[in-house]
2 protein chains.
Amino acid sequence: MTTLYSAVMSRTPDARASQTKQIQQSITNVEKHFGEMCQLFAAYVRKTARLRDKADLLVKEIRIYAETETPHLQRGMKQFADNLAKVQDYRQAEVERLEAKVVEPLKSYGNVVKIKREDLKTTQSARNREYKQMQQLEKMRQRNPSDRQTIVSLPFSFKRNGIKLIYSGH
Amino acid sequence: MTTLYSAVMSRTPDARASQTKQIQQSITNVEKHFGEMCQLFAAYVRKTARLRDKADLLVKEIRIYAETETPHLQRGMKQFADNLAKVQDYRQAEVERLEAKVVEPLKSYGNVVKIKREDLKTTQSARNREYKQMQQLEKMRQRNPSDRQTIVSLPFSFKRNGIKLIYSGH
């Protein structure tokens, strides 16, 4: 936030406007792509879960078939089924991990983007307020050129997010 | 076939009937379970292919997003996309291999089972024919006890699958 604020505040009005636009585009870009990646990762997780389910059925069927076979083949088939079942356990771990470490964080970016947008608005209105104050100051200067020195050295302050910011020059 | 034939032919009529039944059950069992395993493996392959498709979309989206980002993040994202794409190449190989080495051979067992069933029928009818011939022989013996020695030493033959089989005693 401090970065956003100082980036927007430290330039000429035109540069500020262009930078604000750039930041807005950047936010919109992240919002769009993170949203799509989130959906695709979620779909990837779902497909993985379905593959796991199908493999579980396969494991079950192989075990049933093994029961009907001669001891030697039975042992081999059961081992195969056990190993295939272990692969499904890993797949289950994959599903849980992707859900917790990728899909959820990407989802929560929805909120991050919202907060950043509000930040930007707050910063913009602060900037506009400052700009108006500057203009008023300029008018006062033009009206009373003799007070110039006094006015320039007068610090002005405004409140932003509960923190009092003091501008002592420009 | 030779094994089936000799297994069925080498016992008393009751033992033969029970053995034929056992072979029939074994064939039915394999037919049932191989059919189900074939379907499940095919479904597993399909789900794997769908997972691959979804991951391909994800790779595409990550690459699009990477294009909009700063160089450092862009490089990292592109590398991630490349690696994820490689995993999908392996998945494609998995799909092709499972299709060729597991699903197709299991499918072809449908024909193997059919042929085995026909074999069993041929063997059974050969057995029945033999049994009738034996009965006729026995009748002839009982009618002419004096010819016993001659009849026993006479070989009898029948054709099976184009091969002439000669029985010289029992």
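Residues numbered from 1 in each chain as written. Chains lettered and ligands numbered in written order. Predicted model: local features only at pLDDT ≥ 70, side-chain atom pairs only at ≥ 80, totals over all residues. Heavy atoms only, no water.

Helix and strand counts for chain A stand at four helices and two strands. Ordered by position in the sequence, the α and β elements of chain A form the string α-α-α-α-β-β. Scored against the burial criterion, the 170 residues of chain A give a buried share of 34%. Summing over all exposed atoms, chain A offers an accessible surface of approximately 11,200 Å²; the carbon and sulfur share of this is 54%. (Helix = DSSP H or I, 4+ residues; strand = E, 2+ residues; numbered from the N terminus. Buried < 20%, exposed > 50% of the residue type's maximum accessible area, 1.4 Å probe, protein only. Areas by Shrake-Rupley, 256 points an atom, 1.4 Å probe, with all protein chains shown as cover.)

Here the focus is the nonpolar core. Counting residues in each nonpolar core, the largest one holds 58 residues, and the members touching the most others are Met37 and Ile62 of chain A together with Met37 and Ile62 of chain B. Secondary-structure elements contributing two or more residues to this core are helix H2 (13–67) and helix H3 (71–143) of chain A together with helix H2 (13–67) and helix H3 (71–143) of chain B. Leaving out residues up to four positions away in the same chain, Met37 of chain B has contacts with Leu58, Glu61, Ile62, Tyr65 and Met77 of chain A together with Leu106 of chain B. (Core = buried A, V, L, I, M, F, W, Y, C linked by side-chain atoms within 4.5 Å. Contact = heavy atoms within 4.5 Å.)

What follows concerns the relation of the copies chain A and chain B. Structural alignment of chain A on chain B gives an RMSD of 0.1 Å, achieved by rotating through 180 degrees and translating 0.0 Å along the axis. The transformation relating the two chain copies, once decomposed into turn and shift, fits a two-fold axis. Of every C-alpha in chain A, the one belonging to Lys47 of chain A sits nearest the axis of rotation, 3.6 Å from it. By residue overlap, the copies meet face to face through one surface: 100% of the interface positions of chain A are interface positions in chain B. (Least-squares fit on C-alpha atoms with pLDDT ≥ 70 in both.)

Residues and elements named next belong to chain A. Applying the stated criterion across every chain, the model contains 12 salt bridges over all chains. Residue Glu104 is joined to Lys107 by a salt bridge in which the shortest nitrogen-to-oxygen separation is 3.4 Å. With Glu104 and Lys107 both in helix H3 and three residues apart, the pair spans about one turn of that helix. (Salt bridge = Lys/Arg side-chain N within 4 Å of Asp/Glu carboxyl O.)

Take the packing of aromatic side chains next. Residue and element names in this part refer to chain A. Summed over the entire model, instances satisfying the criterion amount to four aromatic pairs over all chains. Ring geometry for Phe34 against Tyr109: centres 4.8 Å apart, planes inclined by 65 degrees, an arrangement best described as edge-to-face. Here Tyr109 lies in helix H3 and Phe34 lies in helix H2, a separation of 75 residues in the sequence. For Phe34, a relative accessible area of 15% corresponds to the buried category. (Phe/Tyr/Trp six-rings, centres within 6.5 Å; stacked < 30°, edge-to-face > 60°.)

Let's shift gears to the interface of chain A and chain B. With 28 residues of chain A in contact, the opposing surface of chain B contributes 28 residues. Both faces combined, the contact of chain A with chain B buries some 2,600 Å², and carbon together with sulfur accounts for 75% of it. Our count for the chain A to chain B interface comes out at six residue pairs in polar contact (both at pLDDT 80 or more). Mapped onto the side of chain A that touches chain B, the elements with two or more residues apiece are H2 and H3 of chain A. Residue composition of the side of chain A that touches chain B, grouped by class: 16 nonpolar, five polar and seven charged. (Buried area = accessible area lost by both parts, 1.4 Å probe. Polar contact = N/O pair within 3.5 Å; in protein donor to acceptor, adjacent residues only side chain to side chain. Nonpolar A, V, L, I, M, F, W, Y, C, P; charged D, E, K, R; others polar.)

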